[in-house]
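Residue strings, one per chain:
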Amino acid sequence: MTTILAIESSCDETSAAVISNGQLRSNIVATQVIHQKYGGVVPELASRAHQQHILPVVEKALEDAKVSKKDLNAIAFTRGPGLLGALLVGASFAKALALGLKVPLIEVHHMQAHVLAHFIEAPCPVFPFLCLTVSGGHTQIVLVRDALDMEIIGETQDDAVGEAFDKTAKLLNLPYPGGPLVDKYAQQGNPLAFPFPLSEMPGLNFSFSGIKTSILYFLQNKVKNNPQFVEENMADICASVQHTLIKMLLQKLRKAAKQTGISEIAIAGGVSANSGLRNALLETGQKEHWNVYIPRFEYCTDNAAMIAMAAHFKYLKGEFSEQTISPMPRMAF
């Protein structure tokens, strides 16, 4: 039996997971709440929190999996992309543990791991498939030919869709993290109450900087005439913004499916936990005759289970790393 311990520390979640022969045995996540009062992730505080959490999180993952360190055949970690200080904590821990146990070290690309989260449990997509990968820092359409053969065929040229959600929440004075709160309010609102412009980009690429600016000007004009406008229309504002962002995502996804002829469609990344996006994708899938794959909520946000699954595929191919490896905050796909 091949058993791998995986560590994720790219941003503000410290996570460890154990996988054996492709079957997930544990997945522990410690979320950092310290960033809430600052309205966003503070890199130095994130690094310190990772240092505090990593040992208990790893111990708990091993305990839940009912394995000891001597049972491990490899140690995997997130090499990038992410915050340098945060990545250093996970990478240093993984390298030291692998060296001490004399087992292989496996580097994992964080965004590729999001895609491979779909193989944690059935039903799994059939190769080739398209994956809309959406998070606070990334918006990509990925052509997945095989577990270790992926190509970005469309991506944002400026801000990620997660940033658009978070910026909207900030403009509405919602606490951090704001994206889930926008989703919550949107469920009670009218998505057609306030029209916002759709950004047009060539090919399969996205742009979300324009809609952020239009939301800002819209709110400024409305509040000038009615200081209580935001409070009185919170649900409708959130629903309208969410409707627009989702429409932009699905327009490009439909275009990608037609261009490639692929009907196996998946979503991944933190924003894939958004209920509006999940429901809209299912509806679009029915109309377009797609086979749609949506991961469970716990596998959408940052977690080590997806790192473990990616490591499982790399272990099968013998793709190991040297001890001289360093984190890459802007790691290429």
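First things first, this report covers the structure right here in the doc. What you see is a predicted model; the values in this text were computed from it and never measured. Along each chain, numbering runs from 1 in the same order as the chain's sequence is written. Confidence filtering applies because this is a predicted model: local features only for residues at pLDDT of at least 70, side-chain atom pairs given and counted only at 80 or more, and all residues used for totals across whole chains, interfaces and linings. Note that water and hydrogens are dropped before the side-chain values are worked out from all heavy atoms of the structure.

## A few points about the sheet that holds strand 2 (residues 13-20)
Strand order in the open sheet formed by 5 strands is 3-2-1-4-5, with mixed pairing between adjacent strands. Bordering the open sheet on either side are strand 3 (23-31) and strand 5 (105-109), each of which pairs with just one other strand. Averaged over all pairs of adjacent strands, the angle between their axes in this sheet comes to 20 degrees, without regard to strand direction. Helix 1 (residues 43-65) rests against strand 1 (3-8), strand 2 and strand 3 of the sheet, and its axis sits at about 25 degrees to strand 2. Any two strands between which DSSP finds at least two bridges are classified as paired. Strands are runs of DSSP state E lasting at least 2 residues, helices are runs of H or I lasting at least 4, and numbering of each runs from the N terminus. Angles here are taken between N-to-C directions and fall from 0 to 180 degrees, while the axes themselves are lines fitted to C-alpha atoms, restricted in helices to the stretch in contact. Here, residues are in contact when the closest pair of their heavy atoms is within 4.5 Å.

## Regarding the packing of helix 4 (residues 161-171) against helix 7 (residues 229-260)
Contact geometry for helix 4 and helix 7: axes closest at 11 Å, N-to-C directions at 175 degrees. Comparing the axis directions of helix 4 and helix 7 gives the class roughly antiparallel. Between helix 4 and helix 7, the residues in contact are V161, A164, F165 and T168 and V241, Q242, L245 and L249, respectively. Under the scheme applied here, ten amino acids are nonpolar (Ala, Val, Leu, Ile, Met, Phe, Trp, Tyr, Cys and Pro), four are charged (Asp, Glu, Lys and Arg), and all others, including Gly, are polar. For the contact of helix 4 with helix 7, the residue count by class is 6 nonpolar, 2 polar and no charged. In this scheme, roughly parallel covers angles under 35 degrees and roughly antiparallel covers those over 145, while 65 to 115 is roughly perpendicular and the rest are oblique.

## Some details on helix 9 (residues 304-316)
A helix's residues, less one, multiplied by 1.5 Å, set its expected span. The end-to-end C-alpha distance of helix 9 is 18 Å, a good match for the 18 Å that 13 residues give at a rise of 1.5 Å each. Partly exposed describes any residue whose relative accessible area lies between the buried limit of under 20% and the exposed limit of over 50%, with all areas from a 1.4 Å probe on protein chains only and scaled to the type maximum. Across the 13 residues that make up helix 9, a large majority, 11, are buried. Taken together, the buried positions of helix 9 are occupied by A304, A305, M306, I307, A308, M309, A310, A311, H312, F313 and K314. Contacts made by the buried residues of helix 9 are with strand 1, strand 2, strand 3, strand 4 (74-80), strand 5 and helix 3 (110-116). With a side-chain oxygen lying 3.1 Å from the backbone nitrogen of A305, the N-terminal cap of helix 9 falls on N303. Directly after helix 9, the chain includes G318, whose backbone phi takes a positive value near 70 degrees. By the criterion applied in these results, polar contacts are pairs of N or O atoms within 3.5 Å in which, for protein atoms, one can donate a hydrogen and the other can accept it, and in which residues neighboring in sequence qualify only through two side-chain atoms.

Coordinates in, geometry out; function isn't part of it.
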